[in-house]
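Structural features, examined
One letter stands for each residue in the lines below.
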Amino acid sequence: MAPLRHALSRMMRSLVMKFTVLCAFVLIAATSVMTGIGYVSKSHDNRVTALAHAELMSQVLASNLAEQASQRDARRLTMGLGAFGERGDVQGAYIVDPAREVLVSAGNVEFAPGERSTDALVHGALGSVDTRVEIVGELIRVAHPVMHQGRLAGAIVIDVPIAAVSRPAAEIFQRQILVGLVALLIFLPLVAYVVRTALGPIHKLTEAARLASSRKLDMRIDVRTGDELEVLANAFNRMFARLDASMKRIHRLAYVDMVTELPNRERFRKEVERVTRRAEDTGTAGAVLFLDLDRFKRVNDSLGLGEGDRLLEAVARRLRETARGWDLRQGEDGAEPSLVARLGGDEFTILLPALRDPADAARVARLVIDAVRRPFEISGHRVFLGVSVGVAVFPRDGGDPETLLRHADLAMAAAKCAGGNAYEFFEASMNQTAFERLVLEGELREAVRDDQLVVFYQPKISIKDGSIAGVEALVRWNHPTAGLLSPGTFIQAAEECGLIGEIGDWVMRRACTEIADLNRRGYSVPVAVNVSAVQFEDEGFADSVLDTLRETGLPASLLELELTESVAMRQPERVLEQIEPLRARGVGFAIDDFGTGHSSLSYLTRMPFDVFKIDQSFVRDMSKDPHARIVVETILAMAKALKLQTVAEGVETSEQLAFLREQGATLAQGYLFARPMPLADLVRFADDDKSRMQLASA
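Every value quoted in this text rests on a predicted model; they were computed, and no experiment measured them.

**Considering the overall build of the protein chain**
Helix and strand counts for the protein chain stand at 24 helices and 21 strands. Sorting the 698 residues of the protein chain into buried and exposed places 42% on the buried side. Residue pairs in contact within the protein chain that sit at least 24 positions apart in sequence constitute 64% of those at least 6 positions apart. In the form shown here, the protein chain has an accessible surface area of approximately 36800 Å², with 55% of it arising from carbon and sulfur atoms.

Laid out in structure tokens, this is it:
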């Protein structure tokens, strides 16, 4: 027995043998199916026979009763139909005249004599003068037209049960059922054992696949059959392990910001959608806070992208701590916590799922502002940031993620325009403002296309003798309906819609053309032109400037290009590459808004700049703010040590001028001397200056 058992065991370890045994039982099932098919075939034959039988009876009856039907002889029709209706293979019958009035009936029928038949079968037989047949369940219904001497005398309807002629098939089926039950009682336990043994591992694999389809991949299939199924189960285990790792990575990439480890935009959008739907059902309120860091771009440009990412990580930690602290302060058991996410760049969002009062959103916004205002320590540098916060309350300000984020973004923009380090709640008027900005961008594109821009010039005055030392070219927009617009009304829109580079190139070309014309007329006035970051980052910037000088005929020594401090310090090595070819031709360079950015002195001393322009905010505040005064003194002292010229912007009072003269400033620019003016007024101003200088020399 042992050798036999061992041999059987070895055979059963083969998947082929298992399926061979299974196929043997499938054959048994196939035999049963064939028996069933035989029964079905027999039943079909019985039905065909019953149908032929019913048609034949209807034909015979119609032929025998045609004369009585044509004469509407109810007595004779009743006698003929009554005997027919007593047959065992007829359930019921009735005769109608051509108008479908029932003449006589026998057995179980729907209509009584004298009633009008509404049977569609009768209507079809009379209308087509042909036999109509229908099978309703186990009942065959035949309607046969009654013809007498070539004329339609009516129709006869006979209902024949199929069971009346199918008893032999039923008996065969009963015998088959009995045999099948005996076979099942004998073989079912054996079949169950074989199938369970053979399909057990397959069931495990199927269940594992089902769980995998529902993303439950942290599992292991334990199959120890020693055959191909065990090999397949092990392959499944390895596949699930790799899929699990891949799914976790994909989920992380799809829903987590890689820099800050915060939820990203898509995850935040899904959470807002879920929370707003719940708020609508429960009648509660919540809020979305849209955060944009103030001055982050300058810090990022100064410290580099790597340090910028570290700064974003630090900001994210503070935002998480702030949101967590607020949740703990509320102290509501089971309440859903706030969610902090990063949308991209320096934009963050906070979801407050439930608010007892909209004022709570303002309190959270204030906590966020206070948290971000504290200095950050990044690679030995103390970095100061601000944050502008926009608040949209749901469902008041919107009921879907897109609307809430757009409204919170508009509110944030309003907070930033107010000076930053502040928060604003969304108001309906902000949508109108955004629409007006969109219109402004469209009109600005038309302005560039239709040459509506003009150049004004603001003189730079020598503090030493009061003479004109140069001018700064400033763009103005001669709007068709609004009149002359200053840059403050459209420069930001130009930056946002990508026109700033095109406008900057136009201003440079126009300024060079007009100043070159003045130079040919005997007015040798240097012109300073602002250069945007978009222009300067263009690889062909230096060649473009040289082409402009060559085409306009302006001497290079009369052109000075102004770069903001943040642009100059973003990539110092590249700045040197861009500047050197122009300086070699005589073009001067100035750092605009000096003191407002984050400069590295080691790079600053290497930069070939000629002029420091002191930002007007320091000049305006130096009479009342000691810190602003110190900044101005420091810049002037540094410029003196580096043998550079300085231009103080925004000089409006004689006290400011006196202080700047005392501290050694070389040039001044502001309303104290002259406002920006068109070219014709500049010529008159220069003529007046010549007259004053001649009188002074006399």
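**A look at helix 11 (residues 358–373)**
The end-to-end C-alpha distance of helix 11 is 23 Å, a good match for the 22 Å that 16 residues give at a rise of 1.5 Å each. Listed in full, the buried residues belonging to helix 11 are Asp360, Ala361, Ala362, Val364, Ala365, Val368, Ile369, Ala371 and Val372. Among the structural elements, strand 6 (286–294), helix 10 (305–330), strand 8 (347–352), strand 9 (376–378), strand 11 (386–394) and strand 12 (423–425) are those in contact with the buried residues of helix 11. Of the residues that open helix 11, the one with a side-chain oxygen 2.8 Å from the backbone nitrogen of alanine 359 is aspartate 357.

**Remarks on helix 17 (residues 541–552)**
Across its 12 residues, helix 17 extends 17 Å between first and last C-alpha, which sits within 8% of the 16 Å expected from 1.5 Å per residue. By the burial criterion, the buried members of helix 17 are Phe541, Ala542, Val545, Leu546, Thr548, Leu549 and Thr552. An end-on view of helix 17 places all buried positions within 155° of arc, on one side of the element. Residues of helix 17 that are exposed and point more than 90 degrees away from the buried face comprise Arg550 and Glu551. Where helix 17 is buried, its residues meet helix 15 (500–520), helix 16 (533–536), strand 17 (559–564) and helix 19 (572–585).

**A word on the packing of aromatic side chains**
Counted by the stated rule, this structure contains four aromatic pairs. Between tyrosine 94 and phenylalanine 111, the aromatic rings sit 5.9 Å apart at their centres with planes inclined by 70°, giving edge-to-face as the arrangement. Linking tyrosine 94 in strand 1 (residues 92–96) with phenylalanine 111 in the loop between strand 2 (102–107) and helix 5 (120–128), this pair joins segments that are 17 residues apart in sequence. Here tyrosine 94 and phenylalanine 111 have matching classes, each one buried. Ring centres 5.7 Å apart and planes at 85° place the aromatic pair tryptophan 477 and phenylalanine 490 in the edge-to-face group. Linking tryptophan 477 in strand 14 (residues 468–479) with phenylalanine 490 in the loop between strand 15 (483–485) and helix 14 (491–496), this pair joins segments that are 13 residues apart in sequence. For tryptophan 477, a relative accessible area of 0% puts it in the buried group.

**Let's talk about the sheet that holds strand 6**
Spatially, the five strands line up as an open sheet ordered 7-8-6-11-12, and their pairing is mixed. Only two strands of the sheet have a single neighbouring strand rather than two, namely strand 7 (339–344) and strand 12. When the angles between neighbouring strand axes are averaged without regard to direction, this sheet yields 20°. Here helix 11 sits on the sheet and contacts strand 6, strand 8, strand 11 and strand 12; the angle it forms with strand 11, its principal contact strand, is near 165°.

What counts and what doesn't
- Residues numbered from 1 in each chain as written.
- Predicted model: local features only at pLDDT ≥ 70, side-chain atom pairs only at ≥ 80, totals over all residues.
- Heavy atoms only, no water.
- Helix = DSSP H or I, 4+ residues; strand = E, 2+ residues; numbered from the N terminus.
- Buried < 20%, exposed > 50% of the residue type's maximum accessible area, 1.4 Å probe, protein only.
- Contact = heavy atoms within 4.5 Å.
- Areas by Shrake-Rupley, 256 points an atom, 1.4 Å probe, with all protein chains shown as cover.
- Expected span 1.5 Å × (residues − 1).
- Polar contact = N/O pair within 3.5 Å; in protein donor to acceptor, adjacent residues only side chain to side chain.
- Arc of directions from axis to C-beta.
- Phe/Tyr/Trp six-rings, centres within 6.5 Å; stacked < 30°, edge-to-face > 60°.
- Pairing = 2+ DSSP bridges.
- Axes fitted to C-alpha atoms, helices over the stretch in contact; angles between N-to-C directions.

Nothing here speaks to function; it is all geometry.
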